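Structural overview for review
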Amino acid sequence: MALALAILIWAIVLASVVLFTGEFGWFPPQVSEHGDAMDAQFNLTLIVVAIGFILAQVALGYYVWRYRDRSGARAVYTHGNAKVEVATVLITAVTFVTLAIIGQRVWIDLHLEDMPEDAVQVEVTAQQFAWNFRYPGPDGKFGKTVTRLINDQLNPVGLDSRDPASNDDVVTLNRMAVPVNRDIRLTLRSKDVTHSFFVPALRFKQDTTPGLAVPGHFKALKTGEYEIACAELCGLQHYKMKGFLMVMSDQEFEAWLKERAEF
Amino acid sequence: MPVAIAPPEVKPQTGREDRVPASGGPGGGSGSDGGPGRRGDGGGRRLGPDSYQLGMWLALASISMMFIGFSSAYILGQGTNSQWRAMAAPPYVWVNTVILLASSLTLELARRAGAATEVKRWMTLTCVLGAAFLAGQLWVWGLLADQGIYLSGNPHSSFFYLLTGVHAVHLLGGVAALVYLTARAWISAARVPAGTSLNVTAIYWHFMDGLWIYLMVLLFFWR
Amino acid sequence: MSDSAHPAVHPAPTTFIRKWVFSTDHKIIGIQYYFLALVAVFTGLALSVLMRLRLAWPAESWPWLEKIFPVGFEGGVMSPEFYLAMLTMHGTIMVFFVLTTAPQGGFGNYFLPIQIGAHDMAFPVLNMLSFWVTFLSMGVMFAAFFVAGGAPISGWTAYAPLSALGEVAGPGLGSGQDLWIISIALFCVASLLGALNFITTVLNMRTKGMSLMKMPLTVWTWFTTAILALLSFPVLLAAGILLLLDRLGGTSFFIPAGLVVSDTVIENSGGSPILWQHLFWFFGHPEVYIAILPGMGVASQLLSTFARKPIFGYHAMVVAIFAIGMLGFFVWGHHMFVSGLSPFSALVFSILTLAIGVPSAIKTFNWLGTLWGGKIRFTTAMLFAIGFVSLFVSGGITGLFLGQTSVDVQLHDTYFPVAHFHMIMGVAAIFGIFGATYYWFPKMFGRMLHEGLGKLHFWLTFIGVNAIFIPMHLMGIMGQLRRYAESTEFKFMEPLQPYQEFVTFAAFVTAAAQLLFLVNFVWGMFKGKKATENPWEATTLEWITASPPPHDNFGGRELVVNHGAYEYGVPDAPRDYVMQTDPPIARTSHRDAG
């Protein structure tokens with residue numbers, strides 16, 4: 001019994017190690033500026049976690065086998081050891097807090113750095129079960145929107161045509177184009193319930209909370225087409241709420257935007 | 001002395017945390033025989049306050065957490081809600097406040113009174129004041145509704161109805177407990193409340209009183 | 001009454017109704033809670049099996065299931081709304097009616113008074129009331145299956161405004177959601193009643209000599225859990241009241257202005273959806289510890305008993321239990337890193353969250369320390385306790401990923417957190433419940449469970465849950481999002497289908513293994529071998545009385561406690577264990593090897 005349990009625990013450790021180091025799948029390839037740092041932090045954490053996991057489980061398996069009941073003397077009579085306890089506290093506290101602090105670097109870059117002036121602006125408006133994207137157009141300003149004017153077919157974000165700044169705004173459905181290697185500044189909104197704008201390839205996820213305009217930013221380093229998924233339960237077709245992020249060269253992007261504007 | 005500790009009867013008046021021990025037994029509040037509060041660690045050292053009082057304080061801690069939850073919602077709403085229109089305090093709430101404060105006073109007088117008749121008199125007055133407060137609250141809500149201020153109006157009026165309403169539900173439990181104790185006292189001279197049952201009810205009642213003051217400050221003076 | 005006489009607790013009831021239905025005896029109430037949880041856990045399990053079916057084979061038609069669920073399986077294929085309703089109810093039932101109810105309401109009620117030498121809870125009538133309100137709450141929750149529109153689809157977290165808007169936002173969000181909120185509000189009330197009872201009992205009802213530091217760790221965990229419940233459930237109650245008013249009273253606490261749902265303008269104004277998340281998670285994170293802390297207590301008790309050793313570092317364990325409980329109140333924001341929380345507060349929440357790793361590491365270390373140098377007896381209960389430690393490590397350690405803001409961004413709302421919390425607050429906590437069941441069943445029902453069947457149950461379950469949840473972490477890394485009725489719509493989730501099938505297969509095996517438990521349980525109740533007073537040679541007070549204990553627990557004896565809770569292997573003692581009420585030992589030569 002003891003040996004079987006020990007072997008089983010070790011087998012679980014082994015299987016986990018194989019699963020997480022072998023070719024069984026990993027993060028989708030990443031194309032954003034801050035993605036490498038995030039993946040690196042994940043890997044660093046993975047090493048710390050793996051050490052803790054393997055040590056604890058292997059010890060557990062070993063003790064289970066080693067200290068099984070064999071006839072003979074009584075068990076060791078001890079109530080613990082204060083020095084060892086203190087050492088455990090210190091080691092884990094230092095490790096975990098250090099890890100937490102290192103992990104904040106990327107977060108600070110992402111959220112607390114000022115955006116350059118020339119960032120491309122895109123407004124994301126989520127709704128059940130689609131993504132609306134709005135570009136400010138040549139004037140660089142988003143026009144006014146009015147709730148009453150919203151119409152899913154004709155005016156999905158409720159642009160107010162009386163505001164001159166709205167007239168050149170470009171609105172697209174489920175397809176978002178951005179230029180490569182440029183800072184993109186997002187404003188995330190929702191028309192109805194809470195959604196979450198998730199682009200796996202960008203390592204980007206941000207809830208779109210109705211009533212709020214949440215800022216976000218990224219820079220994509222590689223052209224291509226990437227999927228956008230909704231990550232927060234938003235209703236019946238949550239699992240079908242799909243959009244596409246198209247990362248293209250500056251020229252292509254300008255052309256794309258122009259084409260949409262004329263339309 | 002009663003021969004046994006009666007099962008701590010508990011009356012769920014409101015479906016909330018209100019509870020009132022109903023048969024603590026005369027004179028059983030303090031000293032060494034307070035209900036099932038028992039001894040620990042040898043030497044007859046009492047391990048804590050009487051169980052009923054402790055239970056009441058815990059219930060109040062819990063009620064406080066609920067109102068802290070509401071308060072955080074209130075403060076957040078006040079700070080961020082663009083539709084927030086502060087309403088003026090309906091003047092009659094101040095009359096109500098005085099009634100409630102007076103009821104705390106009469107309850108305290110009952111608790112400190114010596115003679116049974118005096119206890120009964122002050123208790124009865126407390127019941128009347130408590131009921132008057134509740135009636136007054138109903139009247140205030142009616143008055144506001146007549147002015148077109150409803151629960152679903154703007155966030156501030158929603159909070160007014162919500163906070164005073166939840167408070168009233170809790171107070172209703174207190175009134176029920178008081179009426180029960182008072183009625184029992186009038187029916188049987190031997191059961192004039194004293195000690196635990198009255199003390200615990202008083203803790204609850206004073207707390208509801210303090211909570212009311214807090215709510216008024218939050219609703220009408222905060223910021 | 002005099003001090004020496006044992007207080008005559010309420011007299012033993014004579015009628016069937018007073019004895020088995022509206023009983024004020026904490027032991028009967030404990031059993032009632034346990035059976036309630038048993039009904040809930042098998043319901044929740046069935047729902048998860050149905051969900052796994054759809055995830056593995058989303059397009060497959062199951063005509064025989066259509067016969068059972070004509071609406072959910074129209075045409076034989078499970079509809080996405082049925083999937084989401086299953087998901088909501090699975091989470092809600094498991095979290096509230098199993099993980100909160102069984103360890104605390106069930107075992108806590110039964111054994112807390114006995115383990116401190118009390119004759120009953122401080123407020124027996126309140127205790128009865130607490131159970132019946134829970135019962136009512138579960139009835140209301142189950143009723144949500146049967147109302148028009150079915151059960152709600154907003155998940156167990158019921159994020160507003162999805163949960164606040166009503167049927168316009170989706171099926172099940174009408175009366176189903178109303179019932180859900182009412183049920184949760186009732187549950188809050190019941191938990192509060194229970195919690196203040198537990199706390200008062202521990203503080204005021206201990207027998208002579210039972211100082212706080214002689215209490216079994218199980219009592220410490222029930223006590224801490226009660227404090228958490230006392231302070232966190234009222235906040236959920238407040239949130240529930242606000243949500244119900246938004247739905248039925250026309251208020252706008254959670255509904256912001258200017259919403260347009262399915263081209264319908266919503267006439268609400270200025271509420272805050274984030275407010276719901278704050279209130280919910282202020283409750284929700286302590287709730288995680290409400291579920292797992294009693295499991296930690298049980299694991300400690302069992303490891304010490306069956307390793308025949310005192311628990312390693314008793315004081316450190318007590319401090320760690322409290323530290324985990326209290327820190328639990330300050331980390332709710334880690335559920336909201338991508339909600340639009342201020343980035344600064346996210347930093348603070350992140351560091352506090354990782355700090356919880358410290359007391360958790362202490363506990364793990366001390367459990368290993370307890371095994372070290374022991375003489376381990378491999379009973380079924382012990383196997384589940386060892387399984388608990390293993391799962392606690394596997395499930396807890398992945399919190400290091402999710403507690404970090406920048407790592408959480410990618411993993412948030414994928415299967416990674418799903419695997420994490422199932423492993424720790426789901427499966428580990430359930431292992432605590434199983435361990436407790438195998439350990440205390442003889443005391444509760446006077447008969448032994450079948451050890452062989454129990455061990456088979458353990459092996460299958462332990463292998464099964466690891467096979468389900470370890471791959472699920474990897475699925476999360478690959479990007480599988482949670483609460484997706486199927487993963488066929490996205491290219492990046494395409495490689496995941498084989499994993500979904502594997503996990504479903506593992507889930508079927510695990511679920512089937514639970515039938516062994518059910519068989520064992522029913523068999524044990526009626527046909528099991530008669531249990532002696534102390535079949536495990538354990539030390540705590542429940543083992544000095546008959547199995548099952550008499551109405552007043554100790555047959556009129558007044559107990560005096562002389563020893564700590566886990567005195568095993570004491571060198572000068574006649575047996576290898578010293579019960580808490582044994583007379584003091586003349587200690588001659590022994591020294592503490594620590």
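Residues numbered from 1 in each chain as written. Chains lettered and ligands numbered in written order. Predicted model: local features only at pLDDT ≥ 70, side-chain atom pairs only at ≥ 80, totals over all residues. Heavy atoms only, no water.

A few words now on the arrangement of the chains. Out of two pairs of chains that touch, the pair holding the most contacts is chains A and C. A gap remains between chain A and chain B, which never touch, and the nearest two C-alpha atoms on either side lie 10 Å apart. (Contact = heavy atoms within 4.5 Å.)

Residues and elements named next belong to chain B. Side chains of W94, L101, I213, V217 and F221 sit close together on the surface and give an oily, nonpolar patch of about 450 Å² of accessible area. Of all the elements in the fold, those that place two or more residues in the nonpolar patch are α2 (92–112) and α5 (196–220). Its location among the elements puts F221 in the segment after α5. (Patch = residues over 30% accessible without salt bridge, like charges linked within 9 Å, V, L, I, M, F, W, Y side chains within 5 Å. Areas by Shrake-Rupley, 256 points an atom, 1.4 Å probe, with all protein chains shown as cover. Salt bridge = Lys/Arg side-chain N within 4 Å of Asp/Glu carboxyl O. Helix = DSSP H or I, 4+ residues; strand = E, 2+ residues; numbered from the N terminus.)

Interface extent is often summarised as the accessible area lost during association of the parts. Listed per partner, the contact involves 119 residues of chain C and 99 residues of chain A. Across the chain C to chain A interface the summed buried area is about 9600 Å²; carbon plus sulfur atoms make up 68%. Taken together, chain C and chain A are joined by two salt bridges. Taken together, the connections running from chain C to chain A amount to 39 residue pairs in polar contact (both at pLDDT 80 or more). (Buried area = accessible area lost by both parts, 1.4 Å probe. Polar contact = N/O pair within 3.5 Å; in protein donor to acceptor, adjacent residues only side chain to side chain.)

This part is about the sheet that holds strand β1 (residues 120–127) of chain A. All names here are of chain A. Reading across the sheet, the five strands line up as β3-β2-β1-β5-β8 and stay open at both edges, with mixed pairing between neighbours. With one partner strand each, in any of the chains shown, β3 (170–173) and β8 (214–219) form the two edges of the open sheet. This sheet shows a mean twist of 25° between the axes of neighbouring strands, independent of strand direction. Across the face of the sheet, helix α5 (residues 250–262) comes into contact with β1, β2 (130–135) and β3 while running at roughly 95° to β3. (Pairing = 2+ DSSP bridges. Axes fitted to C-alpha atoms, helices over the stretch in contact; angles between N-to-C directions.)

This part takes up helix α4 (residues 80–115) of chain C. Residues and elements named next belong to chain C. Roughly 55° is the biggest bend found in α4, and it falls at T101, with proline P103 one to four residues downstream. Counting buried residues in α4 gives 35 out of 36 residues, a clear majority hidden from the surface. Looking one or two residues past α4, G117 carries a phi angle of roughly 75°, positive in sign. (Bend = angle between axes of the 7 residues up to and from the residue. Buried < 20%, exposed > 50% of the residue type's maximum accessible area, 1.4 Å probe, protein only.)

Turning our attention to the pattern of salt bridges. Residues and elements named next belong to chain A. Under the definition given, this model contains 24 salt bridges over all chains. A salt bridge links E123 to R189; the nearest nitrogen and oxygen atoms lie 2.8 Å apart. Note that E123 is positioned in strand β1 and R189 in strand β5 (residues 183–190), a separation of 66 residues in sequence. Looking at E123, the relative accessible area reads 4%, which means it is buried. Linking K144 and D160 is a salt bridge whose minimum nitrogen-to-oxygen distance equals 3.8 Å. Taken together, the residues K144 in the loop between β2 and α4 (164–167) and D160 in the loop between β2 and α4 connect sequence positions 16 residues apart. Its relative accessible area of 48% is what places K144 among the partly exposed residues.

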